[in-house]
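Tertiary structure, described
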Amino acid sequence: MKTVTDTAHCDDLMKALETFREQGSLIERWGAELARRLSAGGRLLVAGNGGSAAQAQHLTAELVGRYRDDRAPFSALALHADTSSTTAIANDYGVQEVFARQTAAHGRPGDVLMLLSTSGASANLLAAADRAHRLGMTVWALTGRAPNPLHLAADDSLCVDAPVAATVQELHLVAVHMLCESFDQAVGSGEPAATARAADHPADARDDGRPATSHRGDGRPAPSHRGDGRPAPSHRGDGRPGANGRAGARTEGRVDGARPDGPGGPAARPAGLPVGPRTVGTRPRRAEGDA
């Protein structure tokens, strides 16, 4: 009978870790590629069953939150975490569709679907991989020993060479942390503050980091005034009244848009006085920079 002092579990882990180290370059490449796609507006979808579901949610939490250093959040979804959708799909379409249907709902061409499985034979993960490929997504897999169905269905895979599922899951967690570290290095610790500001307050900043319409990017006032402090469309730049306040010089007695007998109409206006500008169908001139 084994006791709590038995180190067989640790021995299995250390043995598997020796071959796992050879996967370092693959994880580094995944981190760099994931940083490129998510920084461009892409999304990571992650799925797994049981303990692998916990690993999937661990990964997305590190990307939406942070791994070590503070940075902007990135879009990552653990598909099992929406329990209402998961149970509804399982009830209406069968357990095999729980991840495939959510992949179809949330995935877009160029996004990444990462699937975690110790056996590499879960039918619902294989269905999700197939759906992702049809959508133009990239599929990565973390599995146990190769070959296995999921390893063969994925575009790229990291297969842990260990006979016990517990050891495979433990090294999957190591892979998750290494992936996050590689991701953060690729994103860069010195990213512009505007990137984080735009992510937290999209309505207050433009995509290029300039403030939104309340001010120009160089600190000049926005469309309500010209950049040199001169008034906007209600006046001309030389101080003369603009389109809305220009004094007319026409005296031919024509008043467009005025009522014949009402205030401001011909019957109420003394003959010979200048007539105001035409107001029907006209629009004030647009000031520079007006959107």
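Above: the structure in question.
Residues numbered from 1 in each chain as written. Predicted model: local features only at pLDDT ≥ 70, side-chain atom pairs only at ≥ 80, totals over all residues. Heavy atoms only, no water.

Topic: the overall build of the protein chain
Rule in force here: For the purposes of this entry, the term helix denotes a DSSP run of H or I that reaches at least four residues, the term strand denotes a run of E that reaches at least two, and both are numbered from the N terminus. A simple rule labels every residue: compare its accessible area, found with a 1.4 Å probe on the protein chains alone, to the largest value its type can have, and call it buried under 20%, exposed over 50%, or partly exposed in between.
Scanning the protein chain from terminus to terminus reveals 9 helices and 5 strands. Counted from the first residue to the last, the protein chain has its helices and strands arranged as α-α-β-α-β-α-α-β-α-β-α-β-α-α. By the burial criterion, 33% of the 291 residues in the protein chain qualify as buried.

A closer look at the sheet that holds strand 1 (residues 44–48)
In plain terms, the rule: Paired strands are those between which DSSP finds at least two bridges. Structural elements are reduced to axes, namely lines fitted to C-alpha atoms, with helices fitted over the stretch in contact, and the angle between N-to-C directions of any two is expressed from 0 to 180 degrees. We call two residues in contact when some of their heavy atoms are within 4.5 Å.
Taken in spatial order, the 5 strands line up as 2-1-3-4-5 in an open sheet, and their pairing is parallel. Whereas interior strands pair on both sides, the edge strands pair on one side only; in this sheet they are strand 2 (76–78) and strand 5 (156–159). Here the strands of the sheet are splayed against their neighbours by 15° on average, with no regard to which way each runs. For strand 3 (residues 112–116) and strand 4 (residues 138–143), the ladder comprises 5 bridges, and the chain directions are parallel. Across the sheet, Leu116 pairs through a bridge with Leu142, a residue of strand 4. Packed on one face of the sheet, helix 3 (residues 51–64) meets strand 1, strand 2 and strand 3 and runs near 160° to strand 1.

With respect to the pairing of strand 4
With 6 of 6 residues buried, strand 4 lies mostly within the body of the structure. Burial along strand 4 is two-sided: the residues Thr138, Trp140 and Leu142 and Val139, Ala141 and Thr143 are all buried. Sheet topology note: the strand 4/strand 5 ladder contains 4 bridges and is parallel. Opposite Leu142, over in strand 5, you have Leu158 as the bridge partner.

Some points on the side chain of Asp111
Using the following cut-off: Only four residue types enter the tally: Lys and Arg on the positive side, Asp and Glu on the negative side, with His and both chain ends excluded. What makes a salt bridge here is a side-chain nitrogen of Lys or Arg within 4 Å of a carboxyl oxygen of Asp or Glu, nothing more. N or O atoms closer than or at 3.5 Å make up a polar contact, with two conditions inside protein: a donor-capable atom paired with an acceptor-capable one, and, for residues adjacent in sequence, both atoms drawn from side chains.
Note on placement: Asp111 falls in the loop between helix 5 (98–106) and strand 3. For the buried Asp111, which has no salt bridge, the nearest side chain bearing the opposite charge is Arg43, at an N-O separation of 5.4 Å. Within the structure, Asp111 has its side chain in polar contact with the backbone nitrogen of Arg43 (distance 3.0 Å). Polar contacts involving the side chain of Asp111 include one to the main-chain amide nitrogen of Arg108, which spans 2.9 Å. If we ignore the near neighbours within four places in the chain, the residues touching Asp111 are Arg37, Gly42, Arg43, His106, Met137 and Thr138.

Thoughts on the packing of helix 2 (residues 24–39) against helix 8 (residues 165–187)
We count it as follows: Should an angle fall under 35 degrees it is taken as roughly parallel, and over 145 as roughly antiparallel, whereas 65 to 115 is taken as roughly perpendicular and any remaining angle as oblique. A clockwise turn of the near helix away from the far one marks a right-handed crossing, whereas an anticlockwise turn of less than a right angle marks a left-handed crossing. Polar here means any residue other than Ala, Val, Leu, Ile, Met, Phe, Trp, Tyr, Cys and Pro, which are nonpolar, and Asp, Glu, Lys and Arg, which are charged; Gly is therefore polar.
Taken N-terminus to C-terminus, the directions of helix 2 and helix 8 make an angle of 50°; their axes are 7 Å apart at the nearest point. Taken together, the axes of helix 2 and helix 8 lie oblique to each other. Here the hand of the crossing between helix 2 and helix 8 comes out right-handed. Where helix 2 abuts helix 8, its residues Gly24, Ile27, Glu28, Trp30, Gly31, Ala32, Leu34, Ala35, Leu38 and Ser39 lie against Ala175, Met178, Leu179, Ser182, Phe183, Ala186 and Val187. Among the residues making up the contact of helix 2 with helix 8, the classes are represented as 12 nonpolar, 4 polar and 1 charged.

A word on the pattern of salt bridges
All chains considered together, the criterion is met by 8 salt bridges. For Arg71, the salt bridge identified is with Asp184, shortest N-O distance 2.7 Å. With Arg71 in the loop between helix 3 and strand 2 and Asp184 in helix 8, this pair connects stretches of sequence that are 113 residues apart. A single burial state applies to Arg71 and to Asp184, both of which are buried. The shortest N-O distance in the salt bridge between Arg131 and Glu97 comes to 3.0 Å. Here Arg131, found in helix 6 (residues 123–135), pairs with Glu97, found in the loop between helix 4 (83–93) and helix 5; they are 34 residues apart in sequence, far enough to count as distant.

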